Amino acid sequence: MGTPAEARWLSSEETRSWLALNAVMIKLPFALDAQLQRDAGLNHFEYQVLAGLSQSPGRSMRMSDLAVLANGSLSRLSHVVGRLEKRGWVRREPDPDDGRFTLALLTETGWDKVVATAPGHVAAVRKYVFDALTPEQVRQLAEIGAQVIHAIDPGDNCLDVYAPAADD
């Protein structure tokens, strides 16, 4: 990586941008988690699991794929799915196409939980992110996010999972 004298230090504008992004990475998840806990008794990871299943064909997904979608380890997902099973929102069963895999399936009660929780979550996302931005900044945010994610993981297709590039 080189010595400190050879380091490519951040410019003042890059430092300002980095500090802003770092604050968003810390404060936004906390704010979203607090809203979900207060209004729905869920943490953000649990909601991501339920929402991911709700948007999957057949409201089911292999546990390994769901872990990637929710950005968590298979071990963490297994513990969370266990908690969601106890609440009656998810169930697990062997994948009929390949018994080596386990499917997580959203139950009707789980679907009802997502339907009841989503409006409050979307309102929080809108309040904390989109209401503060112009339409042009929203477009730029998507482009910037995709470029940063691509630099971290060139194979990541997180923007393709939930929504097309333009839906209006």
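Our subject is the structure that appears above.
Everything quoted here is computed from the prediction, not taken from an experiment. Here the residue numbering is sequential within each chain, running from 1 through the sequence in written order. Local features in this predicted model are restricted to residues of pLDDT 70 or higher, and side-chain atom pairs are both shown and tallied only at a pLDDT of 80 or more, whereas totals for entire chains, interfaces and linings draw on every residue. Hydrogens are left out, water is left out, and the side-chain values use all remaining heavy atoms of the structure.

Visitor: In this structure, what is going on with a nonpolar patch on the surface? I would like to understand it.
Guide: Grouping into patches uses exposed residues only, defined as over 30% relative accessible area, and leaves out salt-bridged ones; the cut-off is 9 Å for like charges and 5 Å for nonpolar side chains (Val, Leu, Ile, Met, Phe, Trp, Tyr). Surface accessibility follows the Shrake-Rupley procedure with a 1.4 Å probe radius. Residue values consider only the protein chains on display as shielding. Within this document, salt bridges are pairs made up of a side-chain nitrogen of Lys or Arg and a carboxyl oxygen of Asp or Glu, the two lying within 4 Å of each other. A surface patch of nonpolar side chains, amounting to about 680 Å² of accessible area, comprises Leu10, Trp18, Leu19, Leu21, Val24, Met25 and Ile26. Three exposure classes are used, based on accessible area relative to the maximum for each residue type with a 1.4 Å probe and protein chains only: buried under 20%, partly exposed in between, and exposed over 50%. With relative accessibility at 44%, the residue Met25 sits in the partly exposed group.

Visitor: Explain the nonpolar core to me, please; I cannot follow it from the model alone.
Guide: The tendency in soluble globular proteins is for nonpolar side chains to be buried as a group. Side-chain atoms within 4.5 Å are what join buried Ala, Val, Leu, Ile, Met, Phe, Trp, Tyr and Cys residues into a set we call a nonpolar core. With 24 residues, the main nonpolar core has Val49, Leu50, Leu53, Leu66, Leu77, Leu84 and Val90 as its most contacted residues. The set of elements that each furnish at least two residues to this core consists of α1 (12-40), α2 (44-54), α3 (63-70), α4 (74-86) and β3 (102-106). Secondary structure elements follow DSSP: runs of H or I of four or more residues count as helices, runs of E of two or more count as strands, with numbering from the N terminus. With six residues, the top contributor of residues to this core is α2. Among residues more than four places away in sequence, those in contact with Leu77 are Phe45, Val49, Met63, Leu66 and Ala67. Two residues form a contact once any of their heavy atoms are found within 4.5 Å.

Visitor: Can you walk me through the packing of α3 against α4 in this structure?
Guide: Each packed pair of helices is defined by two parameters, the angle between the axes and the distance between the axes. Here the axes come from fitting lines to C-alpha atoms, over the contacting stretch only for helices, and the angles between their N-to-C directions go from 0 to 180 degrees. It is the contact of α3 with α4, at a shortest axis distance of 9 Å, that shows an interaxial angle of 100°. Accordingly, the angle class assigned to the pair α3 and α4 is roughly perpendicular. Contacts between α3 and α4 involve Met63, Ser64, Leu66 and Ala67 on the former and, on the latter, Leu74, Leu77, Ser78 and Val81. Here the term charged refers only to Asp, Glu, Lys and Arg, the term nonpolar to Ala, Val, Leu, Ile, Met, Phe, Trp, Tyr, Cys and Pro, and the term polar to all other amino acids, Gly among them. Split into classes, the residues belonging to the contact of α3 with α4 amount to six nonpolar, two polar and no charged. By the definition adopted for this analysis, an angle is roughly parallel if under 35 degrees, roughly antiparallel if over 145, roughly perpendicular if from 65 to 115, and oblique otherwise.

Visitor: Even after reading the chapter, I still don't get the sheet that holds β3, so can you show me in this structure?
Guide: Think of a sheet as strands paired side by side through backbone hydrogen bonds, with each pair either parallel or antiparallel. Paired strands, in this sense, are two strands between which DSSP finds at least two bridges. Strand order across the open sheet formed by three strands is β1-β3-β2, with antiparallel pairing between neighbours. Single-partner strands in this sheet number two, and they are β1 (60-62) and β2 (90-94). Here the average twist between neighbouring strands, direction ignored, is 25°. Judged from the three bridges that link them, β1 and β3 form a sheet pairing that is antiparallel. Residue pairing for β3: Ser60 is matched across the bridge by Leu105. Along the sheet face, α3 touches β1, β2 and β3 and points at about 95° away from the line of β1.

Visitor: Would you mind showing me how to read the environment of Gly82 here?
Guide: Mapped onto the secondary structure, Gly82 falls in helix α4. Accessibility expressed as a relative area gives 16% for Gly82, which makes it buried. It is 37 Å that separates the C-alpha atoms of Gly82 and Trp18, two residues lying 64 residues apart in sequence.

Visitor: Please clarify how α1 should be interpreted in this entry.
Guide: For an α-helix, the turn length of 3.6 residues means that residues three or four places apart are oriented alike. Take the number of residues in a helix, subtract one, and multiply by 1.5 Å to get its expected span. An ideal rise of 1.5 Å per residue puts 42 Å on 29 residues; α1 measures up with 41 Å between its terminal C-alpha atoms. Within α1 the residues assigned to the buried category are Ala31, Leu32, Gln35, Leu36 and Ala40. Those residues of α1 that are buried are in contact with α2 and α5 (108-128). Taken from the residues just after α1, Gly41 is the one with a positive phi, measuring 70°.

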